[in-house]
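Notes for the structure review
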Amino acid sequence: MFDLAGKIAVVTGGSRGIGRATSIALAEAGALVLINYRSNEDAAKHTLGLIEQAGGQAELLRFDVADPESVDRGLKEAIERHGRIDILVNNAGISIDQLLLRVSPKDLDLTWATNVNGPIYCAKACIRPMMKKRWGRIINLSSVVAESGNPGQVVYASSKAALLGLTRTLALEYASRGITVNAVAPGFIETDMTADLPDAGKQGIIDQTPLGRIGRPEEVAAAVVFLASEEASYITGQVVRVNGGMHV
Ligand code: NAP
């Protein structure tokens, strides 16, 4: 439907879950997708295989978004190889859930390093070639809980809310260079991240969701592909909510 032929896309955390579905969807639209992952090489290779079987183009790109040197090394090498990055999807994220009184500095630091610092490092590494081309798309994966809050997710929800401030600020900083920056805020999506939730908890979420079901990674990926496309050229600094009506 959307044509991304000739575009180079990086999807952080592209090995599994929403990142895998996004990598596949971007490749289906014609982009060459660089599938980033941190440690799960088998999962990343599986994503690569699915794309290649479908006739798409992709490569693996290992780096740790929480480590600025690793990001610089990984993305510098990718930019040298391909000349630029057109589309950056800041998808990699972690969730370490506990109530405020149990929050440890280690969990806080790791979550923020991954969910907030990571997208900033990645955007910083990609922005110059985007400015030079006067075209770019940055799409940040936030969450419904950034806006609704959620007991037990103080660290995660605050990191995802920070991403919205990041999205709006980068949108304003780079609009004049032809670069759009938007966020996608999913509700509850069936992935490894949500797999451990007990059935009663899942049912509670379904009950709170007007569309009456949990979301699929492909439904989030569809919003990312739209925001990456030419058709979304007048949209920047916005949040696209893919949450079944859970928070309106
Ligand atoms: P997931 O299934 O847990 O997958 C996480 C992905 O992030 C994996 O590919 C993982 O790589 C990668 N990753 C984690 N830390 C990394 C790091 N330091 N450097 C590079 N890659 C790293 O997660 P998901 O459910 O698909 O979620 C994707 C995004 O959507 C996250 O930002 C999440 O917060 C957000 N989100 C998810 C939901 C949901 O219900 N699932 C709802 C709202 C928002 P490895 O395979 O190498 O470990």
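Being a predicted model, the structure only gives us computed values, none of them experimental.

**Examining the environment of Ala 44**
For Ala 44, the position within the fold is in helix H2 (residues 41-53). Spatially, the C-alpha atoms of Ala 44 and Gly 19 are 10.0 Å apart, while their sequence positions differ by 25 residues. With sequence-adjacent residues up to four places away left out, Ala 44 is seen in contact with Ser 15, Ile 35, Tyr 37 and Leu 60.

**So, the packing of aromatic side chains**
Applying the stated criterion across every chain, the model contains one aromatic pair. On the numbers, 5.7 Å between centres and 45° between planes, the contact of Phe 2 with Phe 226 is tilted. Remark: Phe 226 occurs in helix H8 (residues 217-228) and Phe 2 occurs in the segment before strand E1 (8-11); sequence separation between them is 224 residues.

**Quick notes on the site of the ligand**
Residues in contact with the ligand amount to 31 residues; listed here are only the nearest, Ser 15, Ser 39, Asn 91, Tyr 156 and Thr 191. Between the ligand and the protein, one listed contact pairs an oxygen atom with a side-chain N or O atom of Tyr 156 at 2.5 Å. The separation between an oxygen atom of the ligand and a polar side-chain atom of Thr 191 is 2.5 Å. When the ligand is considered free in solution it has 900 Å² of accessible area, and contact with the protein chains removes 96% of it. Only helix H1 (17-28), strand E2 (32-37) and helix H6 (154-174) provide two or more residues apiece to the shell around the ligand. Here the shell around the ligand is built from residues that sort into 12 nonpolar, 14 polar and five charged.

**Notes on the pattern of salt bridges**
For the structure shown, the criterion picks out 11 salt bridges. For Arg 81, the salt bridge identified is with Glu 59, shortest N-O distance 2.9 Å. Linking Arg 81 in helix H3 (residues 68-82) with Glu 59 in strand E3 (residues 57-62), this pair joins segments that are 22 residues apart in sequence. On the accessibility criterion, Glu 59 (24% relative accessible area) is partly exposed. The closest approach of N and O atoms between Glu 147 and Arg 241, which form a salt bridge, is 2.7 Å. One end of the pair, Glu 147, is in helix H5 (residues 145-148); the other, Arg 241, is in strand E7 (residues 239-242), and 94 residues separate them in sequence. For Glu 147, a relative accessible area of 29% corresponds to the partly exposed category. Judged by its relative accessible area of 42%, Arg 241 is partly exposed.

**Comments concerning the nonpolar core**
Counting residues in each nonpolar core, the largest one holds 31 residues, and the members touching the most others are Leu 4, Leu 26, Val 33 and Val 184. Those elements that place two or more of their residues in this core are E1, H1, E2, H2, strand E4 (87-90), strand E5 (136-141) and H8. Counting residues per element, this core draws most heavily on H8, at seven residues. Once residues within four sequence positions are removed from consideration, Leu 4 is found in contact with Leu 26, Ala 29, Gly 30, Ala 31, Ile 87, Val 225, Ala 228 and Ser 229.

The rules behind each value
- Residues numbered from 1 in each chain as written.
- Predicted model: local features only at pLDDT ≥ 70, side-chain atom pairs only at ≥ 80, totals over all residues.
- Heavy atoms only, no water.
- Helix = DSSP H or I, 4+ residues; strand = E, 2+ residues; numbered from the N terminus.
- Contact = heavy atoms within 4.5 Å.
- Phe/Tyr/Trp six-rings, centres within 6.5 Å; stacked < 30°, edge-to-face > 60°.
- Near = heavy atom within 4 Å.
- Polar contact = N/O pair within 3.5 Å; in protein donor to acceptor, adjacent residues only side chain to side chain.
- Areas by Shrake-Rupley, 256 points an atom, 1.4 Å probe, with all protein chains shown as cover.
- Nonpolar A, V, L, I, M, F, W, Y, C, P; charged D, E, K, R; others polar.
- Salt bridge = Lys/Arg side-chain N within 4 Å of Asp/Glu carboxyl O.
- Buried < 20%, exposed > 50% of the residue type's maximum accessible area, 1.4 Å probe, protein only.
- Core = buried A, V, L, I, M, F, W, Y, C linked by side-chain atoms within 4.5 Å.

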